[in-house]
Amino acid sequence: MSFKCIYTRPFYVSFDLKTGGVVEETLSGELLRGKIDATVGDSIFFHIRKKGQSDFKYKMDMRAARLTSIRVPQEPNYGEQEFVCGVVELRKSLSRFDDL
């Protein structure tokens, strides 16, 4: 399952619900690996790893198609934000999960 989300430009988040893998395609085109932490109702809670920084935590509300970044205390410049998203065709980047 993949979502296209809008910030200043589109970025993508893809989920493998069977393995718990997540891949974020950033605004700059970088591929970041993550993991699903929990699913609660229609929401997926997950984190993305970025070298040299704390894990970035998110909540994807699949019903409302909204992605919310969760504040990370160790990263003062990373506050809570909400992004409008839409379901798109599964992105090929998810197949590269093991290489990231």
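Anyway, here's the lowdown on the structure attached to this text.

### Describing the packing of aromatic side chains
- This structure, assessed with the given rule, holds 5 aromatic pairs.
- For the pair Y7 and F83, a centre-to-centre distance of 5.7 Å together with 70° between the ring planes defines the contact as edge-to-face. Of this pair, Y7 sits in the loop between β1 (2–6) and β2 (10–16) while F83 sits in strand β8 (residues 81–88), placing them 76 residues apart in sequence.
- With a centroid separation of 5.3 Å and 85° between ring planes, the pair formed by F11 and F83 is classed as edge-to-face. With F11 in strand β2 and F83 in strand β8, the pair connects residues that are 72 residues apart, well separated along the chain.
- Taken together, the aromatic side chains of F3, F15, F46 and Y58 make up a single cluster linked through ring pairs.
- Directly above the aromatic system of F97 lies the positively charged group of R33, at a separation of 4.0 Å from the ring centroid.
- Above the ring of Y12, the side-chain terminus of R91 is found at 3.6 Å from the ring centroid.

### Description of the pairing of strand β7 (residues 66–70)
- The pairing of strand β6 (residues 56–61) with β7 spans 5 bridges and is classified as antiparallel. For M60, the partnering residue across the bridge sits in β7 and is L67.
- Hairpin connection from β6 to β7: 4 residues lie between these consecutive antiparallel strands, with A65 at a positive phi of about 55°.
- Judged from the 4 bridges that link them, β7 and β8 form a sheet pairing that is antiparallel. The residue of β8 that forms the bridge with S69 is Q81.

Thresholds, definitions, all that
- Residues numbered from 1 in each chain as written.
- Predicted model: local features only at pLDDT ≥ 70, side-chain atom pairs only at ≥ 80, totals over all residues.
- Heavy atoms only, no water.
- Phe/Tyr/Trp six-rings, centres within 6.5 Å; stacked < 30°, edge-to-face > 60°.
- Helix = DSSP H or I, 4+ residues; strand = E, 2+ residues; numbered from the N terminus.
- Lys NZ or Arg CZ within 6 Å of the ring centre and 35° of its normal.
- Pairing = 2+ DSSP bridges.

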